[in-house]
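The chain contents come next:
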Amino acid sequence: MIKLHDKVFKPFLGEDRILEAINKMADQIANDYKDEVPIFVGVLNGAFMFVSDFLKAYQYPCEVSFVRLSSYQGLTSTGIVETLLDVPENIEGRSIIILEDVIDTGRTLKKLVHLFSQTNAKEFKIASLFYKSEIYNGEYAIDYVGLEIPDTFIVGYGLDYNELGRNLREVYQLNQTNMINLVLFGKPGAGKGTQAGFLKEKYNLKHISTGDVFRYNIKNGTELGKLAKSYIDKGDLVPDEVTIDMLKDEVEKNPQASGFIFDGFPRTAAQAEALDNFLESKDMQVDATIALEAEDDILVSRLLERGKESGRSDDQDESKIRNRFDEYNQKTAPLKAYYEKQGKFHSVNGIGEILEITERLSTVIDALA
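This one's a predicted model, so the numbers in the text were calculated from it and none came from an experiment. (Residues numbered from 1 in each chain as written. Predicted model: local features only at pLDDT ≥ 70, side-chain atom pairs only at ≥ 80, totals over all residues. Heavy atoms only, no water.)

Caption draft 1: Fine view of the confidence of the model for the protein chain. Per-chain confidence: the protein chain averages 87 in pLDDT, with 93% of residues scoring 70 or above. Low pLDDT, under 50, characterises residues 72–85; the predicted model gives this stretch 39 contacts beyond four residues in sequence or across chains. (pLDDT = per-residue confidence, 0-100. Contact = heavy atoms within 4.5 Å.)

Caption draft 2: Seen up close, the nonpolar core. In terms of nonpolar packing, the biggest core is built from 30 residues, with Ile29, Phe50, Phe54, Leu99, Leu129, Phe130 and Tyr157 touching the most fellow members. At the level of elements, α1 (15–33), α2 (48–57), β6 (95–103), β7 (123–131) and β8 (144–148) are the ones that each hand at least two residues to this core. Counting 29 residues, the second largest nonpolar core, distinct from the first, contains Leu247, Phe262, Phe278 and Leu335. (Core = buried A, V, L, I, M, F, W, Y, C linked by side-chain atoms within 4.5 Å. Buried < 20%, exposed > 50% of the residue type's maximum accessible area, 1.4 Å probe, protein only. Helix = DSSP H or I, 4+ residues; strand = E, 2+ residues; numbered from the N terminus.)

Caption draft 3: Quick peek at the layout of surface pockets. Approximately 1000 Å³ is the volume found for the largest pocket. Along the wall of the largest pocket there are 38 residues; nearest its centre are Gly186, Lys187, Pro188, Gly189 and Lys192. Elements supplying a minimum of two residues to the lining of the largest pocket: β11 (180–186), α4 (192–203), β12 (206–209), α5 (210–219), α9 (296–310), α10 (318–341) and α11 (354–366). If you tally residues by element for the lining of the largest pocket, the top one is α10, at six residues. (1 Å grid on protein atoms, 1.4 Å probe; cavity = no way out; pocket = protein on both sides within 12 Å on 5 of 7 lines; lining within 4 Å. Points joined across faces, edges and corners; volume = space filled by probe spheres on them.)

Caption draft 4: Fine view of the side chain of glutamine 173. Assignment of secondary structure puts glutamine 173 in strand β10 (residues 171–174). At 3.2 Å, the side chain of glutamine 173 and the side chain of threonine 152 are in polar contact. Beyond its immediate sequence surroundings of up to four residues, glutamine 173 is in contact with Val8, Phe9, Lys10, Pro11, Phe12, Thr152, Phe153 and Ile154. (Polar contact = N/O pair within 3.5 Å; in protein donor to acceptor, adjacent residues only side chain to side chain.)

Caption draft 5: Highlighting the pattern of salt bridges. Inspection of every chain in the model, using the stated rule, returns 20 salt bridges. Across the pair glutamate 36 and lysine 122 runs a salt bridge whose closest N-O atoms are separated by 3.7 Å. A residue pair is termed long-range when its members are at least 10 positions apart, and glutamate 36 in the loop between α1 and β3 (39–44) and lysine 122 in the loop between α3 (107–117) and β7 qualify at 86 residues. A relative accessible area of 52% means that lysine 122 is categorised as exposed. (Salt bridge = Lys/Arg side-chain N within 4 Å of Asp/Glu carboxyl O.)

Caption draft 6: Looking closely at the sheet that holds β11. Read from one edge to the other, the open sheet built from five strands follows the order β12-β13-β11-β14-β15, with strand pairing classed as parallel. Two strands close off the open sheet at either side, each with one partner strand: β12 and β15 (345–349). With strand direction ignored, the average angle separating the axes of adjacent strands in the sheet is 25 degrees. Of the pairings in the sheet, the one linking β11 to strand β14 (residues 288–293) comprises five bridges and is parallel in character. In the sheet register, glycine 186 faces β14, and the bridge partner there is leucine 292. With respect to the sheet, α5 is in contact with β12 and β13 (259–263), its orientation differing from that of β12 by roughly 75 degrees. Contacting β11, β14 and β15, α11 crosses the sheet at an angle of about 160 degrees to β15. (Pairing = 2+ DSSP bridges. Axes fitted to C-alpha atoms, helices over the stretch in contact; angles between N-to-C directions.)

Caption draft 7: Here's a closer look at the sheet that holds strand β1 (residues 2–4). What the four strands build is an open sheet, ordered β1-β2-β10-β9; its pairing is antiparallel. One side of each edge strand has no neighbouring strand; the edge strands of this open sheet are β1 and β9 (154–155). Taken together, the four bridges between strand β2 (residues 7–13) and β10 define a ladder with antiparallel strand orientation. Within β10, the position partnered with proline 11 by the bridge is tyrosine 172.

Caption draft 8: Representation of the environment of lysine 341 in the model. Here lysine 341 lies in helix α10. Look at lysine 341 and you get exposed, because its relative accessible area is 79%. Measuring from C-alpha to C-alpha, the distance between lysine 341 and glycine 211 comes to 27 Å, with 130 residues separating the pair along the chain.

Caption draft 9: Spotlight on the packing of α5 against helix α6 (residues 223–233). Remark: α5 packs on α6, axes separated minimally by 7 Å, with the N-to-C direction vectors making an angle of 105 degrees. When the interaxial angle is binned, α5 and α6 end up roughly perpendicular. Across the interface between the two elements, Phe214, Asn217 and Ile218 of α5 pack against Leu224, Gly225, Ala228, Lys229 and Ile232 of α6. Taken together, the residues of the contact of α5 with α6 sort by class into five nonpolar, two polar and one charged. (Parallel < 35°, antiparallel > 145°, perpendicular 65-115°, else oblique. Nonpolar A, V, L, I, M, F, W, Y, C, P; charged D, E, K, R; others polar.)

Written as structure tokens, this is what we have:
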């Protein structure tokens with residue numbers, strides 16, 4: 001995975017496969033033009049790498065020139081093709097082969113045809129390294145094709161996303177995997193941390209524990225950590241916006257993740273709304289909230305056992321444990337109502353073998369796709 005600006009791209013075509021396709025094109029064109037001196041016209045900016053490697057593979061006399069057109073801004077075509085560098089001079093009676101990096105909708109191709117149809121060239125043909133046949137309008141013949149590819153946004157090997165990525169030797173495609181963002185609930189001892197560990201590996205999710213994030217920021221003296229500590233030192237609650245800013249940092253540090261597990265936040269309906277607003281600003285959403293359910297008596301037994309090994313005082317006193325359960329119930333009830341209203345609340349039996357519980361959780365997650 002690579003990140004360019006705000007987008008993540010995954011490997012699509014390796015350099016060896018690209019060069020193999022270029023060599024095939026060079027052989028095909030040589031069969032047609034080796035007895036004359038064609039003019040190869042590269043379309044800038046995207047085709048500069050293609051033109052360079054193509055000319056190395058073409059073993060017969062030829063000339064080379066360039067035109068420059070532009071129709072893309074960001075991820076989408078503007079629909080308006082601008083001519084930034086005109087056709088070469090002295091092409092009367094010559095055979096022209098246009099070397100294009102990628103043909104998709106055909107708008108750029110239409111502009112090229114218009115440019116060269118007004119010249120006195122003997123003939124001109126189109127050679128495209130990449131060809132998106134499913135969206136091409138089919139108005140003009142494409143004479144030579146290197147690789148036919150699906151309609152996905154690609155970068156690398158001359159192609160860019162807002163000018164980044166042209167220098168990559170391989171081609172990457174936009175990572176359009178549907179993200180899965182979960183909020184995980186569970187009383188103390190329900191196995192939430194254990195299950196989060198399994199789920200993050202299985203679905204390439206990033207587990208964001210609010211407690212861990214707070215401890216990291218405070219320990220490392222980040223600006224947000226200092227701000228949070230200033231509230232804690234005064235005995236005040238850390239404002240939701242500070243917590244959200246910490247979560248935002250964690251999300252932005254992990255662009256390769258296919259989603260996130262939020263653990264420990266939200267704790268109130270207001271925090272849930274704040275989380276929704278933050279995710280919406282990133283074109284994301286909470287896809288599901290999952291509560292690991294278990295009977296209090298079973299969880300008390302688990303925690304008392306855990307307390308013998310961990311030494312945690314709050315795991316060694318049954319009354320303290322049940323007080324924590326009461327606090328959980330009070331806080332979770334409004335959150336349950338909030339997410340049930342959105343149709344996103346799921347309850348999963350948290351009793352059983354660890355892998356059995358993972359399978360139950362996976363059934364809920366897999367149904368989100």
